[in-house]
Amino acid sequence: MEIIQEFGTIFIVIAIIFGLYMTWGIGANDVANVMGTSVGSGAITVKTAIIIAAIFEFLGAALAGGNVTKTIRKDIIDPTLIADNPEVLIFGMLAALLAAGVWLMIASTRGWPVSTTHSIVGAVVGFAIAGIGLEAVAWAKIGQIVASWVISPVLGGAVAFVLMMSIRKLILNTSNPFAMAKKWGPVYVFLVGFIISLVTMFKGLKHLNFELSVAMSFALAVAFGFLIALIGWWMIQRVQVDADADKEFHFASVEKVFVPMMIFTACAMAFAHGSNDVANGVGPLAAVYGLVKSGGELTQKSEMPIWILMIGGFGIVVGLSTYGYKVMRTIGTKITELTPTRGFCATMAAAATVVLASRTGMPVSTTHIAVGAVIGVGFARGIGALDLRVIGGIVMSWIITLPIGGVLAAIFYFMLRGIFT
Amino acid sequence: MATNTTFTNLFGRSPFKPLQEHMLVVKECAREVPKIFQALCDGDTKRVKEVQAKIFELESKADIIKNDLRAHLPKSLFMPVDRRDLLEVLNLQDSVADTAQDIAGLLVERSMEVHDSMKQPLMNMVSRCVDACVHSARIIGRLDELVETGFRGPESEAVLAMVEELNMIESDTDQMGVELSRNLFAHEDSMKPISVVLWYDLIKMIGSLADDAEKIGNRLRLLLAR
């Protein structure tokens, strides 16, 4: 207890620094990954992508990230075992942040398919085992989380598959695809707004002292969907047929209709990413802050202050503008196969799946879900060639990231404890 | 930091662009074949050699694209079409260029006499066979649209209709081949026996340009049926 009183401010400052480091890494790599599809399709410029990311990552974390943050800071570790010395949890969370940040840095330098989420979860578990003991880990919860890592990409893939098939049925395989694209385009935009806002609002805004009945949630989501669809409709109307391009590729004009629509999925994706990856990135920071504020009281219910999320958002924007834009540009040139129609399906499916996972408190990997969604489009015979070796890489990253994140966190935990006691 | 991410690594190189590129070169190669027969009919040996050089150049250009495509087709690739079907189409395309090369090679290496009454039906048949190649190149050119529409709907029906047309062109060439052989045998006493045998082979080779072009179309029909 005395340690917390003595070094409380220092702990918070360290947590902020580590949190910034972590979110910088997320911005430099992860966000570039999720926004790359929209930049690559020509829907938005790199500059617009950074602005969209700044706004919607923050909104996602603030509005829909509460459950994921809670999972990271409370649900993985059983705190009753360390009720007498809560500083253990502070050292542990700091160690977990640093471990995840360092591992992410190493992995991204080498181009390994590592996810921020898995690093954080592995680090928290690693510290819990080393610092408290095997029994301190809520293994049932870990089981659920690991299951969600397998289920979520499959779900994303299934949704993307259905979306792709519907676009084929309603638009591409008709006698006048361009007219049908203009007709159905706003409906798809409506779906983006409706689904994301419904999942977010449905019993999900309690942490903002904003409780909505089921009917109210639906009504608001429909209203929001209509508003978005109206903007989408206005943008889609201005798309003209490009007869020259159509000679080369018959669906060139149809693809052009989907370009403005991708702006909406880009926003949805940034929102989804914020609700999950940013939320779990700042989870340990929130835990440290909560402990210091309550003077080490573990059971007290602490609110997630908005400035913590702002730090997360700030770190991401800095990461994006210092390095992420480069990644984004490269991604854009490498995924030419992801045309606006395909990109729309994959991004929308991924965004919806991530937000759904966030609502249930599951820390999932946005990148892995995006990969699953693209494979879903591929299963609809929609993409020239997908290299399925990536799946092996993802599975490997699960197997490797968890223990390495854990061991690093354990090492940093003992170092921090040594320094302060 | 590496800019290769999990996400970018997911995207393999699409085989369809190089396949179409290959077919365009093969088509150009086939288009030279009427020119070489025209030069032969005109008795212009210098021109025959020129066209032969052009055909050989195009054939090796096609080979480079073919080998490059094969090299970039690892088994881990997931594609909207079966890998074996794709390789089969590539092989068929390649054999069109090979046949053109064989014809050109023979015409240069052995001075072939052309009976006057054969000239017109010969040129007609050659040009019809090249029609078949041009037509199948047009079909291959629709592959991007087929991938976009998932090999279904009006687009796939349009391609099926093109395949039907290709089959009709090929039956034309069969008929022309029979007539040309008949013409040849009618004059066999006035020609060197070896020439007759070689002309018979040549007629078959010309016909196989259309045969392989037709097989390309039929293979695509199989892709659509799945």
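None of these values were measured; they are calculated from a predicted model.

> Mind showing me how you'd approach the overall build of chain B here?
Helices and strands together make up the secondary structure of chain B, namely 8 helices and 1 strand. The helix and strand sequence of chain B, counted from the amino end, reads α-α-α-β-α-α-α-α-α. In terms of its C-alpha atoms, chain B occupies a principal-axis envelope of roughly 75 × 40 × 20 Å. Taken over 226 residues, chain B has a buried fraction of 43%. Sequence separation of at least 24 residues holds for 87% of the intrachain contacts in chain B that already meet a minimum separation of 6.

> Which parts of the structure should I look at to understand the overall build of chain A?
Helix and strand counts for chain A stand at 14 helices and 1 strand. In terms of overall size, chain A behaves like a compact globule, its C-alpha atoms giving a radius of gyration of 22 Å where 421 residues would be expected to give roughly 22 Å. Along the three orthogonal principal directions, the C-alpha set of chain A runs to about 75 × 45 × 35 Å. Residues classed as buried in chain A amount to 59% of the 421 residues present. Put simply, 87% of the contacts in chain A that link residues at least 6 apart link residues at least 24 apart.

> Honestly, helix α10 (residues 252-293) of chain A in this entry has me stumped. Any pointers?
One full turn of an α-helix is made of 3.6 residues, so residues set three or four places apart face in the same direction. Residue and element names in this part refer to chain A. Between its terminal C-alpha atoms α10 stretches 58 Å, which fits the 62 Å expected from 42 residues at 1.5 Å a residue. When the local axis directions of α10 are compared, the greatest deviation, roughly 40°, occurs at A279. With 38 of 42 residues buried, α10 lies mostly within the body of the structure. Following α10 by one or two positions, G295 has its phi on the positive side, about 70°.

> Help me understand the interface of chain B and chain A in this model?
By a widely used convention, the size of an interface equals the accessible area lost when the partners come together. With 31 residues of chain B at the interface, the matching set in chain A holds 41 residues. Contributing elements (two or more residues each) for the side of chain B that touches chain A: α1 (6-9), β1 (77-78), α6 (143-148) and α7 (153-186) of chain B. A breakdown of the residues in the side of chain B that touches chain A according to their chemical character gives 14 nonpolar, 12 polar and 5 charged. Across 2 bridges, the pairing between strand β1 (residues 386-387) of chain A and β1(B) is antiparallel. When the sheet's bridge partners are listed, A:L386 is paired in β1(B) with B:F78.

> Where do I start with the confidence of the model for chain B in this structure?
The predicted coordinates should not be examined in detail at positions where pLDDT is low. For chain B, per-residue confidence averages 92 on the pLDDT scale, and residues scoring 70 or more make up 98% of the total. Taken together, the chains of this predicted complex give a pTM of 0.89 and an interface ipTM of 0.85.

> Please clarify how the environment of A:A279 should be interpreted in this entry.
Residues and elements named next belong to chain A. Mapped onto the fold, A279 is located in helix α10. In this structure A279 comes out as buried when scored by C-beta crowding, with 31 C-beta atoms within 10 Å. For the pair formed by A279 and I72, sequence separation is 207 residues and the distance between their alpha carbons is 8.9 Å. When sequence neighbours within four positions are dropped, the list of residues in contact with A279 reads A61, G65, V68, T69 and S358.

> Before we go on, may I ask you to explain unusual backbone geometry in this structure?
Excluding glycine, most residues fall at negative phi; most peptide bonds, likewise, are trans. In this model, A:R381 sits at a positive phi of 55°, which is unusual for a non-glycine residue. Examined against the element boundaries, A:R381 turns out to sit in the loop between α13 (366-379) and β1. Of the residues examined, A:R381 has 20 C-beta atoms within 10 Å and is grouped as buried. Residues other than glycine seldom take positive phi values, yet B:F151 does so here, at roughly 60°. With respect to the element layout, B:F151 can be found in the loop between α6 and α7.

> Please clarify how the environment of A:F344 should be interpreted in this entry.
Residues and elements named next belong to chain A. Its place among the elements puts F344 in helix α12 (residues 340-359). Judged by the 32 C-beta atoms lying within 10 Å of it, F344 falls in the buried class. Between the alpha carbons of F344 and V259 there is a distance of 8.6 Å; along the sequence they are 85 residues apart. With residues up to four places along the chain from it excluded, the contact list for F344 reads F258, M261, M262 and T265.

> What am I meant to see in helix α5 (residues 116-131) of chain A here?
All names here are of chain A. An ideal rise of 1.5 Å per residue puts 22 Å on 16 residues; α5 measures up with 22 Å between its terminal C-alpha atoms. The buried count for α5 comes to 14 of 16 residues, which makes it a mostly enclosed element. Positioned one or two residues after α5, G133 has a phi angle of 145°, which is positive.

> Please explain the packing of helix α7 (residues 177-201) of chain A against α12(A) as it appears in this structure.
Describing two packed helices takes the angle between their axes plus the distance from one axis to the other. Residues and elements named next belong to chain A. The geometry of α7 relative to α12 is characterised by a closest axis approach of 9 Å and an angle of 10° between their N-to-C directions. As the angle between them shows, α7 and α12 are arranged roughly parallel. Two secondary-structure elements touch here, α7 through V192, I195, I196, V199 and T200 and α12 through M348, A351, A352, V355, L356 and R359. Counted by class, the contact of α7 with α12 contains 9 nonpolar, 1 polar and 1 charged residues.

> How should the packing of α12(A) against α13(A) be read in this particular structure?
All names here are of chain A. Where α12 meets α13, the closest approach of the two axes is 8 Å, and the angle between their N-to-C directions is 135°. Put simply, α12 runs oblique to α13. For the element pair α12 and α13, the recorded crossing hand is right-handed. Each of R342, C345, A346, A349, A350, T353 and V354 in α12 lies in contact with α13, whose residues at this interface are T366, I369, A370, A373, V374, G376 and V377. Considered class by class, the residues forming the contact of α12 with α13 number 10 nonpolar, 3 polar and 1 charged.

> Just checking my understanding: could you explain the environment of B:Q52 for this structure?
Residue and element names in this part refer to chain B. Along the chain, Q52 falls in helix α3 (residues 45-71). The spatial distance from the C-alpha of Q52 to the C-alpha of I36 is 7.0 Å, given a sequence separation of 16 residues. The residues touching Q52, leaving out its near neighbours within four places in the chain, are I36, A104, L107 and V108.

Conventions and cut-offs
- Residues numbered from 1 in each chain as written.
- Chains lettered and ligands numbered in written order.
- Predicted model: local features only at pLDDT ≥ 70, side-chain atom pairs only at ≥ 80, totals over all residues.
- Helix = DSSP H or I, 4+ residues; strand = E, 2+ residues; numbered from the N terminus.
- Buried ≥ 20, exposed ≤ 12 C-beta atoms within 10 Å, placed from the backbone.
- Contact = placed C-beta atoms within 7 Å.
- Rg over C-alpha atoms; globule rule 2.2 N^0.38 Å.
- Expected span 1.5 Å × (residues − 1).
- Bend = angle between axes of the 7 residues up to and from the residue.
- Nonpolar A, V, L, I, M, F, W, Y, C, P; charged D, E, K, R; others polar.
- Pairing = 2+ DSSP bridges.
- pLDDT = per-residue confidence, 0-100.
- Axes fitted to C-alpha atoms, helices over the stretch in contact; angles between N-to-C directions.
- Parallel < 35°, antiparallel > 145°, perpendicular 65-115°, else oblique.
- Left-handed = near helix turned anticlockwise from the far one by under 90°.

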